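Below are the chains, spelled out letter by letter.
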Amino acid sequence: MNPASPFQNNRQSNNPNMNKYNNDQRSHPDMPTIPPKYNNTHIDSIQSPKPVESVKPVENVRFVDTKAKVTTPETVTKKDRLEKWAFNIFMLTAFLVPISFWPTQYLPMESVKSFVIVVGTVVSAILFGVIAIRERRLALPPKNISWTASLLVISLLVSSLVSINIERSLFGQGFESGTAGFLIALFVSALVAFALVYRKSERAVLLYTVMATSYLILFVFHLLRIVFGPNFATLSVLNSATSSIVGNWYSLGLFSIVVAIVSFIALSTLTMTSKSKMLYWILLAVSTIGALIINIPFIWALLFLTFVGYTIYVTSVRPKTGTGIGSFFSRLAWIPLVICILLALLSWKNESILSPVVSKIYGGHSELSLPWQMTLDVTAGTIKNYPLLGVGSNHFLQAFLAYKPNIINSTPAWNVEFNSGFGYVPTLISAQGTIGSILWLIFFVFLGISGYRVLRRMPNDEISRFTILSSYTGTVFLWLTLFIYVPSHAIIFLTFVMTGIFFGSAASYGLLNSWVWTPRSGDKWSKTMFAFILLLIVIAAILGVVYAKKTLALSYFGKGISELNVTGDPVLADAYFRKAQAIDSSDVYWQARAEASMAYANKLASSLSNTSTASTTETVMTQIVEATNQALTYSRNAINFDPTNYYNFVSEARVSEFAAGLQMANGYENAVQSYGKAIGLNPFNPSLYLGLAKLQARMNKLDDALTSTGAALQTKNNYLDAIFLLSQIYAAKGNLPDAIIAAKVALEINPENPIILFQLGLLEYNMKNYPAAEVAFAAATKYQTDYANARYFLGLSYARQNKSTDAIREFEEISKTNPDNQEISLILSNLKSGQPIFTDAVAPITPNPEKRSTLPIKEKSK
């Protein structure tokens, strides 16, 4: 797959016109491959061995008579230079996207890939726009695909403009794959790939080359990580054996499969030198090993379907020999058929064939996604309330929160917030409503029709067959994958590029009619085309600038998060957040500034001590109040930016809760109100009700806390934290029997939780039910052997039952880890002398430790 590969030596065709042009191409290496010129008149397609339908010109637009053009050598040189730059930049983009990252955990890896995709695509597109203006000629994919794609883009824009938050829908934070801006960039990337291959068909092979090179780098790198362990070459972003810089582990597997498909078809269709064939066999072996090691269970069935189609096609085009059943078996594509059988076996018996091997190598990998039934439930709710245009791009999360299926709260994924459905395409359909759904359906119908038309009229020369078969097979497989999975940005980008390569190569070889706009110089259509292309260039430039700004802002945001969480410097963290905010407006940055201000207030509070003077204390308290008020302002700015994001109200609730702890005016009331608004936006999240209940319990609003805890349990009836809080509230109200019942219910959900066992033991101890308390405390120390307070009350339970020997044993065990604890020494001395355990106790030691506001022993931090 290099300039000396057999791709450059197999451009012979049964079509004499094709061979004539190929000879010209070897004489003029810089001349565009397509379109050819015959008798100085542009023709939109090349004749193939089977007749090709003529191109219908656009209404009121005619093809240009090249005799009327006077092209100077300087003009040709400039045009060729621009085209070369456009091609090189796009190739560099295709190479960098899978391997690009930034070495920090605080900047989303996909934001870097989004930046590379958008900027690389936009720059290439702008250069092609300039070329189109110079040539007064705009070549597009077939009319049906071009119109459908254009309408999809318009649908995306309109849906975003009427969405609940325009900024989030258009661009988001800059790394979401479902934004309208990113999707438009993807369609542009497909158009650029089309233009590149349409003008010179051999560029498809060069694009394959750079993508295969990028894949090999990834394969070698991750193979070394599997061999040497997950701590090898983490690059500050890879935190497990199945982390990948391509985006995620399964995306690396998809990349492997695409490379394997292209390599297999190359070996099946091309006549090569032994050196080239060896290179392809190596690439096929490496990519196959990569796909098997990564082992995506749900993909083998899709790959099986893809190869079934490929086998049927190859079998159908083979020449007949003989008659009857023998003729059929002589035509049968045996190698693809064997691959189909193996893929069917992998799909059927994956757990017993590949999974054990994969687990031994690196432990296996799995990803959590929203099941298709629940995705359909969310989509149905969205379309019911937003029938035509949907909820808007990049708003699937909001749709999920609003129409979340109740059953999900009974699963371990109850607190997962899904930004996408079970597949990329279903997520887009949910966001774009009925109009978008119909347009996507039409797009895929036209893609299938185009593939059928191309495959039944394939030329005989090897290079064209390879390019078309590989690009269409890869395109079909990738689009099928996007129906059931949401891969990384790199794989989504690859899907659109492969689609562009297919249409570009099919139009280049005359198998599909490209849509060419070539108005006469000086007429109104020429001016219209100039204005249209200029508008597209401006939009592309704006798109590139927006993503550049967002990526820079995210980098500052990442630095701020690092300062806040690692260094612990809230002032410097806020400075970085402020820089991010100056570059790009976002409610997330306001939230971050609110957190930084609260962290600064906490830092000030921790600086106070018993030795602080009154004036110092007063000064610091003033600063704490100012920081808290500043945090409240920031959280309210976040709400003003996006009142549909419940996290903004949670931010305000957190700040108000902090203010309530400082006994600031209206702190409690503001917090309750903010929690209520957050619950209104996310009514099926039990943790919001629990947060409100904890606030109410802390402020001794016990009846309100019971109501909120009950609401949390109505949303999730097995919510352990809510049941535990319920027990504490009942105990605080003096209702110990109900508190014990709640604790036992919590224990049924999690019977090995030492904290719940301790709570139950404490309640039984308060009820003077010492045998039951003994059982609970003993179980708590069993599951957490260093649980000092559980051991303390276990010893007391023994003592209350006159089991002095057992009590002494427990307190001696405690004294080993707490040798300076005076209370433990006193109790041991009394036990050994046969006196009541709290004889001669002096405050703060009291004879009723179960009634104290703090636990008797400070647990060792872990």
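Every chain's residues receive numbers from 1 upward, in the order its sequence appears when written. Per-residue local features of the predicted model are confined to residues with pLDDT of at least 70, and side-chain atom pairs are confined, for both listing and counting, to 80 or more; whole-chain, interface and lining totals are unaffected and use all residues. Computation of side-chain values covers all heavy atoms of the structure but excludes hydrogens and water.

Engineer: Mind laying out the nonpolar core, listing which residues take part and the relevant values?
Structural biologist: With 139 residues, the main nonpolar core has Phe466, Phe477 and Trp479 as its most contacted residues. Throughout, nonpolar core names a set of buried Ala, Val, Leu, Ile, Met, Phe, Trp, Tyr and Cys residues whose side chains join them through atoms within 4.5 Å. Any residue under 20% of the maximum accessible area for its type is buried, any over 50% is exposed, and the rest in between are partly exposed; the area is computed with a 1.4 Å probe on protein chains only. By size, the runner-up hydrophobic cluster in this structure holds 86 residues, among which are Leu695, Tyr719, Tyr787 and Ile824.

Engineer: Describe the packing of helix 17 (residues 424–455) against helix 19 (residues 489–508), with residues and values.
Structural biologist: Axis angles are defined between N-to-C directions and span 0 to 180 degrees, where every axis is a line fitted to C-alpha atoms and, for a helix, only to the segment in contact. Secondary structure elements are taken from DSSP: a helix is a run of H or I of four residues or more, a strand is a run of E of two residues or more, and numbering for both begins at the N terminus. Two numbers describe how helix 17 lies on helix 19: the axes approach to 12 Å, and their chain directions differ by 30°. Both helix 17 and helix 19 take part in a crossing whose hand is left-handed. For the pair helix 17 and helix 19, contact is made by Tyr424, Leu447, Ser450, Gly451 and Val454 and by Ile492, Phe502, Phe503 and Ala506, respectively. A per-class count over the contact of helix 17 with helix 19 returns seven nonpolar, two polar and no charged. Handedness of a helix crossing follows the sense of rotation of the near helix relative to the far helix, less than a right angle counterclockwise being left-handed and clockwise being right-handed. Whether two residues touch is decided by their heavy atoms; if any such pair falls within 4.5 Å, the residues are in contact. Any residue outside Ala, Val, Leu, Ile, Met, Phe, Trp, Tyr, Cys, Pro, Asp, Glu, Lys and Arg is labelled polar, Gly included; the first ten of those are nonpolar and the last four are charged.

Engineer: Help me get a handle on the packing of helix 7 (residues 203–228) against helix 19, residues and values and all.
Structural biologist: Where helix 7 meets helix 19, the closest approach of the two axes is 11 Å, and the angle between their N-to-C directions is 160°. Classified by the angle their axes make, helix 7 and helix 19 are roughly antiparallel. As for how helix 7 packs across helix 19, the hand of that crossing is left-handed. Side by side, helix 7 and helix 19 meet where Ala204, Leu207, Tyr208 and Met211 of the first sit next to Leu494, Met498 and Ile501 of the second. An angle counts as roughly parallel when it lies under 35 degrees, as roughly antiparallel when it exceeds 145, as roughly perpendicular when it falls between 65 and 115, and as oblique in every other case.

Engineer: An account of the confidence of the model for the chain is requested, with residue identities and associated values reported.
Structural biologist: Per-residue confidence for the chain gives a mean pLDDT of 85, with 88% of residues at or over 70. For every residue, the predictor assigns a confidence score, pLDDT, that lies between 0 and 100. The element-level mean pLDDT for the chain is lowest in strand 1 (residues 37–38), coming to 33, with helix 19 highest at 96. The low-confidence segment residues 1–72, where pLDDT is below 50, has 134 contacts with residues more than four positions distant or belonging to other chains.

Engineer: Now, about the pattern of salt bridges: what can you tell me, with residues and values included?
Structural biologist: Close approach of charged atoms allows side chains of opposite charge to pair. Salt bridges are defined by distance alone: a side-chain nitrogen of Lys or Arg within 4 Å of a carboxyl oxygen of Asp or Glu. According to the stated counting rule, one finds 19 salt bridges in the structure shown. Close ionic contact of Arg168 with Asp587 constitutes a salt bridge, the shortest N to O distance being 2.9 Å. Note that Arg168 is positioned in helix 5 (residues 166–170) and Asp587 in helix 22 (residues 587–606), a separation of 419 residues in sequence. Taking the relative accessible area as the measure of exposure, Asp587 reaches 1% and is therefore buried. Counted as one network, the salt bridges with shared partners bring together Glu83, Glu135, Arg199 and Arg203.

Engineer: So, helix 23 (residues 614–641): which residues are in play, and what are the values?
Structural biologist: Each residue after the first adds 1.5 Å to the expected span of a helix. Compared with an ideal rise of 1.5 Å per residue, which puts 28 residues at 40 Å, helix 23 spans 41 Å between its outermost C-alpha atoms and is within 8% of the ideal. If you check which residues of helix 23 are buried, you get Val620, Ile624, Ala627, Thr628, Ala631, Leu632, Tyr634, Ser635, Ala638 and Ile639. Buried positions along helix 23 lie against helix 21 (570–583), helix 22 and helix 24 (646–661).

Engineer: So, the packing of aromatic side chains: which residues are in play, and what are the values?
Structural biologist: Only Phe, Tyr and Trp rings are paired, with Trp represented by its six-membered ring, and only when their centres lie within 6.5 Å; those with planes under 30 degrees apart are stacked, over 60 edge-to-face, the remainder tilted. Tallied over the entire structure, the rule returns 41 aromatic pairs. Seen from their ring centres, Phe444 and Trp479 are 5.1 Å apart, and the 75° between their planes marks the pair as edge-to-face. Of the two residues, Phe444 sits in helix 17 while Trp479 sits in helix 18 (residues 462–484), which places them 35 residues apart along the sequence. Trp479 gets classed as buried once you look at its relative accessible area, which sits at 3%. With a centroid separation of 5.7 Å and an interplanar angle of 40°, the aromatic rings of Phe557 and Phe577 are classed as tilted. Taken together, the residues Phe557 in helix 20 (residues 524–567) and Phe577 in helix 21 connect sequence positions 20 residues apart. A single burial state applies to Phe557 and to Phe577, both of which are buried. Three or more aromatic residues joined by ring pairs make a cluster, and in this case those are Phe758, Tyr765, Tyr770, Phe777, Tyr787, Tyr792, Phe793 and Phe811. To sit over a ring, a charge needs its Lys NZ or Arg CZ within 6 Å of the ring centre and within 35 degrees of the ring normal. Positioned over the ring face of Phe87 is Arg203, at 4.9 Å from the centre of the ring.

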